[in-house]
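What follows is the residue order along each chain.
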Amino acid sequence: MKRVTEIAPGIHYVGANDRTKHRFEGLWPLPHGVSYNAYIIDDEKIALVDTIDSAFTGRLLGEVREVIGGRPVDYLIINHMEPDHSASIHAVRKTWPDVTIVGNAKTLQMVEGFYGISSTNTLTVGDGDTLSLGARTLQFHLIPMVHWPETMVTYEKTEQILFSGDAFGTFGTLDGAVVDEDMNVDKYWDEMVRYYANIVGKYGNPVQKALQKLSPLTIKMICSTHGPVWKKHIPQVIDIYDKLSRYENLDEGVVLVYGSMYGNTELMAETVAQGLAEGGVKNIVIHNVSKSHPSVILRDIFKYKGLIIGSPTYCNELYPEIDSLIRKIELRDVKNRIFGYFGSFTWAGAAVKRLNAFAENMKWDTVDIVVEEKQGLKPDNYALCLELGRKTAQKMK
Ligand code: FEO
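These numbers were taken from a predicted model, which means no experiment stands behind them. (Residues numbered from 1 in each chain as written. Predicted model: local features only at pLDDT ≥ 70, side-chain atom pairs only at ≥ 80, totals over all residues. Heavy atoms only, no water.)

Enquirer: Mind showing me how you'd approach the overall build of the protein here?
Expert: When helices and strands are counted, the protein shows twelve helices and 23 strands. Dimensions of the protein, computed from C-alpha atoms along their principal axes, come out at roughly 80 × 40 × 35 Å. Each of the 397 residues in the protein was classed as buried or not, and the buried ones make up 58%. When contacts within the protein are restricted to residue pairs at least 6 apart in sequence, those whose partners lie at least 24 apart make up 71%. With the model as given, the accessible surface of the protein reaches about 16300 Å², and the carbon-plus-sulfur share is 50%. (Helix = DSSP H or I, 4+ residues; strand = E, 2+ residues; numbered from the N terminus. Buried < 20%, exposed > 50% of the residue type's maximum accessible area, 1.4 Å probe, protein only. Contact = heavy atoms within 4.5 Å. Areas by Shrake-Rupley, 256 points an atom, 1.4 Å probe, with all protein chains shown as cover.)

Enquirer: Any chance you could explain the pattern of salt bridges here in plain terms?
Expert: Where charged atoms from two side chains of opposite charge approach closely, those side chains can pair. Counted according to the given criterion, the structure contains 22 salt bridges. The partner of aspartate 53 in a salt bridge is lysine 21, and the shortest N-O contact between them spans 3.4 Å. Linking aspartate 53 in the loop between strand 8 (46-49) and helix 1 (57-68) with lysine 21 in the loop between strand 3 (16-18) and strand 4 (23-24), this pair joins segments that are 32 residues apart in sequence. (Salt bridge = Lys/Arg side-chain N within 4 Å of Asp/Glu carboxyl O.)

Enquirer: How should I be thinking about the layout of surface pockets in this particular structure?
Expert: Over the atoms, a rolled probe matching the size of one water molecule traces out where space is still vacant. Estimates place the volume of the largest pocket at around 320 Å³. Residue lining of the largest pocket: 17 residues in total, with Met261, Pro312, Thr313, Phe345 and Thr346 positioned closest to the centre. At the level of elements, helix 8 (264-278), strand 19 (304-314) and strand 21 (338-345) are the ones that each hand at least two residues to the lining of the largest pocket. Per-element tally for the lining of the largest pocket: the top contributor is strand 19, with three residues. For the lining of the largest pocket, the residue count by class is eight nonpolar, nine polar and no charged. Here the second largest pocket defines a volume of roughly 160 Å³. Taken together, the elements giving at least two residues each to the lining of the second largest pocket come down to helix 5 (188-200) and helix 10 (320-331). (1 Å grid on protein atoms, 1.4 Å probe; cavity = no way out; pocket = protein on both sides within 12 Å on 5 of 7 lines; lining within 4 Å. Points joined across faces, edges and corners; volume = space filled by probe spheres on them. Nonpolar A, V, L, I, M, F, W, Y, C, P; charged D, E, K, R; others polar.)

Enquirer: Sorry if this is basic, but what is going on with empty space enclosed by the protein here?
Expert: Using the criterion set out here, one finds one cavity of 30 Å³ or more in the structure. Here the largest cavity defines a volume of roughly 50 Å³. Around the largest cavity, the lining residues are Ile143, Val146, Ala167, Phe168, Val207, Ala210, Leu211, Leu214 and Tyr241. For the lining of the largest cavity, a count of residues per class yields nine nonpolar, no polar and no charged.

Enquirer: What is the right way to look at helix 6 (residues 204-214) in this model?
Expert: Because an α-helix packs 3.6 residues into every turn, residues spaced three or four apart end up facing the same way. Taken together, the buried positions of helix 6 are occupied by Gly204, Pro206, Val207, Gln208, Ala210, Leu211 and Leu214. Structurally, helix 6 contributes buried residues whose contacts are with strand 13 (137-142), strand 14 (152-156), strand 15 (161-165), helix 5 and helix 7 (234-245).

Enquirer: Help me understand the pairing of strand 8, please; the structure alone is not making it clear to me.
Expert: Both faces of the sheet carry side chains from a regular strand, because those side chains alternate between them. Burial along strand 8 is two-sided: Ile46 and Leu48 and Ala47 and Val49, pointing in opposite directions, are all buried. In this structure, strand 7 (residues 39-42) lies alongside strand 8, joined through four bridges in antiparallel fashion. Paired with tyrosine 39 across the bridge in strand 8 is valine 49. A loop of three residues connects strand 7 with strand 8, the two strands running antiparallel in sequence. Where strand 8 meets strand 9 (residues 75-77), three bridges bridge the pair, whose relative direction is parallel. Note that in strand 9 the partner of alanine 47 across the bridge is tyrosine 75. At this point the chain moves from strand 8, through helix 1, to the parallel strand 9, and the crossover so formed is right-handed. (Pairing = 2+ DSSP bridges. Right-handed = clockwise from strand over helix to strand, strands pointing away.)

Enquirer: Can you help me understand the sheet that holds strand 1 (residues 6-8) in this one?
Expert: Two strands in a sheet stick together by hydrogen bonds in their backbones, pointing the same way (parallel) or opposite ways (antiparallel). Read across the open sheet, the seven strands follow the order 1-2-7-8-9-10-11; overall the sheet is mixed. Unpaired on one side and paired on the other, strand 1 and strand 11 (122-124) mark the two borders of the sheet. Averaged over all adjacent pairs, the angle separating strand axes in this sheet is 25°, with direction ignored. Where helix 1 meets the sheet, it contacts strand 2 (11-13), strand 7 and strand 8, and its direction lies at approximately 20° from that of strand 7. (Axes fitted to C-alpha atoms, helices over the stretch in contact; angles between N-to-C directions.)

Enquirer: I would appreciate a short explanation of the packing of aromatic side chains in the present structure.
Expert: The description of an aromatic ring pair uses the distance of the two centres, along with the angle that the planes make with each other. Counted under the stated rule, the structure contains 17 aromatic pairs. Through a chain of ring-to-ring contacts, three or more aromatic side chains come together here, namely Phe168, Tyr196, Tyr241, Tyr247 and Phe302. (Phe/Tyr/Trp six-rings, centres within 6.5 Å; stacked < 30°, edge-to-face > 60°.)

Enquirer: I'm lost on the sheet that holds strand 15 in this one. Help?
Expert: Strand order in this open sheet of five strands is 12-13-14-15-16, and the pairing throughout is mixed. Pairing within the sheet leaves two strands with one partner each, and these edge strands are strand 12 (130-132) and strand 16 (221-224). When strand polarity is set aside, the average angle formed by the axes of neighbouring strands in this sheet is 20°. Where strand 14 and strand 15 come together, three bridges link them in antiparallel fashion.

And the structure:
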């Protein structure tokens, strides 16, 4: 019987699925859960690559023991220190007191800072350094800011496996199988974009640098810290990360996001969408900002080239949820979008002014029709909303 957790000869998956946590980083909903992946490389010396979230430490230790029996873990390789991967370091050290903790200088500073583990029994590695486990050799490549300053990847030269940390990761649990060729992966693609947009989305340039740096490696398997082990779909996964980090759209279409208290701005949004459809846009994704979670809206903003935002004026400012969304977009420095906007007010207009400042800040290709309505939508602005949609459609061509 094939053991699905032995992903390559002598290399074992020892991660866990989290179907309990509501929000990753306290922010991002997990409707399909998330996996925390760690791996054992079984050679003359035994290496554990990364650990997992503290909620699953017991499971990690049990799985490692199941693979290695009474032998000790010789090396703990730390690719990334965010606590969803580092939180079990202390338990690993306690269980196998002679384990050598392997990381770069920034990693080991964080090991001390987070967990009070100082420099005894640690090994500092630099970019390109190697570590022999016996028959196998590991090589370390630093990829800072994918997604923290200390992040690195570990390349196993015999099987040509890249242990990539967060890079190429996705939300979504592993439901039985571990390697992509043993499962239907369709459910992961949207979650991969949502994961990228929300967790890594700010770091497009570092991701590009990492992709270039790793491009000379022959990679037969990518073992990320979240989601499936990639074997069959490596080109597709790299292409998604490459496009997203260039801020290139993955699909043709327009995201239309609006806030509305009593339906007036919503009617403007519906009319703009009609104009988009009349202009030939087939993929129109509409989000009511009060209902769609920002992580989903950000996912779609990363996915599509067109973005239209509509907001009522609220306390002489943007509608609060729209204000929060545009801050998230600014934080991620999303580039190269075709942008349109509209707004409304009851006695004094502010939303359109704020959206105009946002558009200038983002330096996007902005549609030259802006609609601002006082109170209910009237025929002249109804026509302008249609025109905003049509003009955006033209620009998309
Ligand atoms: Fe999955 Fe940046 O930690």
